[in-house]
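Spelled out, the chains give:
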Amino acid sequence: MLRKTNGSEPAARATMTAMVHPAIEAVGALLRPTDDGDLATLRSFFDDPGVHEQWGGRPLTDHEILAKYTGKRAPAVQCFIVEEDRNPIGFMQYHQSDDRGGGLDLVLHPVVRGRGLGRAVVLAMVDYLQSARGWQLITVDPEASNPRGVDFWERVGFEPARLVEDEPGRPPYWLMKWPHEASGR
Ligand SMILES: CC(C)(COP(=O)(O)OP(=O)(O)OC[C@H]1O[C@@H](n2cnc3c(N)ncnc32)[C@H](O)[C@@H]1OP(=O)(O)O)[C@@H](O)C(=O)NCCC(=O)NCCS
């Protein structure tokens, strides 16, 4: 399994991060906001070929991890380590694009896939974004070359809106939307 971080004391860090963003509880997992103390944990996670082959295609540098995944882009982008029994098993982020809402990204370590944890954390995040943040629009954008990712989002409840093939600098991807209003789930 993945290494736990050697950073600051977990309880102290939990208190600090709680001021920035609350943790989000899912069935069987916890979404814990990241901070600079998570560099070692994130490095271990993104160094795994089973992870980075579906997230960037190569191991991330320390600079990239610190700049993009430890809270520096908050509040527009909020980053979370997915934990199961306090062990890091994945990474999730949401990014707000306008007043209506924004998008989600998720990657779990290969050893925990296929057990329902992906669905659980997505449903918990959707619930949080609708009930606590008032999001009206929640999207995901899996690449068309990742049909298993597209299938996952569809199974969880997202609906394909359109295939985007003309965005500069991006390979074709499916724009998918959460179809339910907050009260409709
Ligand atoms: C996609 C991912 C997050 C799914 O997490 P998971 O915990 O394995 O998914 P779950 O076990 O919660 O499965 C939820 C549903 O999706 C389906 N599903 C999951 N992985 C799937 C796959 N590879 N192909 C087809 N369907 C899949 C499951 O069958 C399940 O549907 P069901 O309950 O109707 O049978 C995980 O496989 C992953 O991290 N993949 C690499 C990154 C990625 O592709 N991210 C998404 C695209 S951006």
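Provided above is the structure to which this section pertains.
Residues numbered from 1 in each chain as written. Predicted model: local features only at pLDDT ≥ 70, side-chain atom pairs only at ≥ 80, totals over all residues.

1. Re unusual backbone geometry
A cis amide bond, omega 5°, links Ala 74 with the succeeding residue Pro 75. Assignment of secondary structure puts Pro 75 in the loop between helix 4 (62-68) and strand 3 (77-84). One non-glycine residue, Asp 85, lies in the positive phi region at around 50°. Relative to the assigned elements, Asp 85 resides in the loop between strand 3 and strand 4 (87-98). Exposure remark for Asp 85: the 9 C-beta atoms within 10 Å place this residue in the exposed category. If you check the backbone angles, Arg 86 has positive phi at about 70° while not being a glycine. Here Arg 86 lies in the loop between strand 3 and strand 4. (Helix = DSSP H or I, 4+ residues; strand = E, 2+ residues; numbered from the N terminus. Buried ≥ 20, exposed ≤ 12 C-beta atoms within 10 Å, placed from the backbone.)

2. Things to note about the pairing of strand 2 (residues 29-33)
Taken across its 5 residues, strand 2 has 4 buried, putting it largely inside the fold. The sheet contact formed by strand 2 and strand 3 spans 4 bridges and is antiparallel. Paired with Leu 30 across the bridge in strand 3 is Glu 83. (Pairing = 2+ DSSP bridges.)

3. Side note on the environment of Ile 65
For Ile 65, the position within the fold is in helix 4. Classification of Ile 65 as buried rests on a count of 22 C-beta atoms within 10 Å. Separated by 26 residues in the primary sequence, Ile 65 and Leu 39 place their C-alpha atoms 6.9 Å from one another. Once you skip the residues sitting within four places of it in the chain, Ile 65 turns out to touch Leu 39, Leu 42, Arg 43, Phe 46, Leu 60 and Thr 70. (Contact = placed C-beta atoms within 7 Å.)

4. Remarks on the site of the ligand
Around the ligand lies a shell of 20 residues, among which Arg 113, Gly 118, Arg 119, Arg 148 and Gly 149 are the nearest. Those elements that place two or more of their residues in the shell around the ligand are strand 5 (101-108), helix 5 (117-131) and helix 6 (147-156). Here the element with the most residues in the shell around the ligand is helix 6; it accounts for 6 residues. Each residue belonging to the shell around the ligand can be placed in one class, and the counts come to 7 nonpolar, 6 polar and 7 charged. (Near = placed C-beta within 6 Å. Nonpolar A, V, L, I, M, F, W, Y, C, P; charged D, E, K, R; others polar.)

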